[in-house]
Amino acid sequence: NLQTIRIKGKDVKLMFQIATSGPHGFASNSGLRMKLIPINKDAPKVDLNQDGKLEQWETNRILEITMADGSPIIDDKIYTLATFAFILNGGDDMSWFMKRVPKKDIKLITPTYCREIVTDYLREKKVVNTRAHPLVDPLKPRIILAPAKS
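Residue numbers here run from 1 along each chain, matching the order of that chain's written sequence. Per-residue local features are limited, in this predicted model, to residues with pLDDT of at least 70; the limit for side-chain atom pairs, both in listing and counting, is 80 or more; totals at the level of whole chains, interfaces and linings are taken over all residues. Side-chain calculation: all heavy atoms of the structure are included, whereas hydrogens and water are not.

(A) Up close: the overall build of the protein. In terms of regular secondary structure, the protein is built from 4 helices and 6 strands. A run of H or I in DSSP counts as a helix once it spans at least four residues, and a run of E counts as a strand once it spans at least two, with each numbered from the N terminus. The secondary structure elements of the protein, listed N-terminal to C-terminal, are β-α-β-β-β-α-α-β-α-β. Summarising its shape, the C-alpha atoms of the protein cover approximately 50 × 45 × 30 Å along the three principal directions. Here's how the labels work: a residue is buried when its accessible area is under 20% of the maximum for its type, exposed when over 50%, partly exposed in between, all with a 1.4 Å probe on protein chains only. Counting all 150 residues of the protein, 32% fall into the buried class. By the convention used here, residues are in contact when the closest approach between their heavy atoms is within 4.5 Å. Across the protein, the fraction of contacts at a sequence separation of at least 24, relative to all contacts at a separation of at least 6, is 71%. For every accessible area listed, the method is Shrake-Rupley and the probe measures 1.4 Å; residues are considered covered only by the protein chains on display. As displayed, the protein offers around 10,000 Å² of accessible surface, 54% of which is attributable to carbon and sulfur atoms. For this count, His and the chain ends are skipped, Lys and Arg are scored as positive, and Asp and Glu as negative. Here the site of a charge means NZ on Lys, CZ on Arg, CG on Asp, or CD on Glu. Side-chain charges of the protein comprise 24 positive and 17 negative groups, with the mean position of each set lying 4 Å from the other.

(B) The pairing of strand S2 (residues 32–36), seen in detail. Alternating residues of S2 divide into Leu32, Met34 and Leu36, all buried, and Arg33 and Lys35, none buried. In terms of strand pairing, S2 meets strand S3 (residues 62–67) through 5 bridges, oriented antiparallel. When the bridges of S3 are listed, Leu36 appears paired with Ile62. With 3 bridges connecting them, S2 and strand S6 (residues 143–145) associate as parallel partners. Each residue of the ladder has a partner; that of Met34, found in S6, is Ile143. Strands pair, by our definition, only if DSSP identifies at least two bridges between them.

(C) A look at unusual backbone geometry. At Gln50, a residue that is not glycine, the phi angle is positive and equals roughly 50°. Within the element layout of this structure, Gln50 appears in the loop between S2 and S3. Residue Gln50 is classed as exposed on the basis of its relative accessible area of 70%.

(D) Representation of helix H4 (residues 114–125) in the model. Take the residue count of a helix, subtract one, and multiply by 1.5 Å to get its expected span. Taking 1.5 Å as the rise per residue, H4 with 12 residues should run 16 Å; its terminal C-alpha atoms sit 16 Å apart, in good agreement. One or two residues past the end of H4 sits Lys126, with phi positive at roughly 70°.

Next up, the structure:
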């Protein structure tokens, strides 16, 4: 199911900090650009849930995060994000974070599974990723891994 959440910019950053922490790869996104510490490199951790343990999902791999056009994410501005019920229900280590989002700020967009929406789109379009019209602009990637330090 596709749903939206309304959260402040500081929470957008926190959500993507968790989503890019490493144990589940890097979360896909649209509308953001991120520069990250690669998974095979050490990154700082913060005890977000204050349970006295530093867990993998508390790793911060984000060096930079901006809107796709390079503008900053404003901490107190409200942003609307589309995501899946799986994430909203705490999947991929999002349980702690999603418990902080008030139910009034979560809205069901469609009960249809996203895989069905994507399948229908692909059937209709036939070709979706060409050199002339790539899915992601190679000059503006959504995720950039920081070069290894010597």
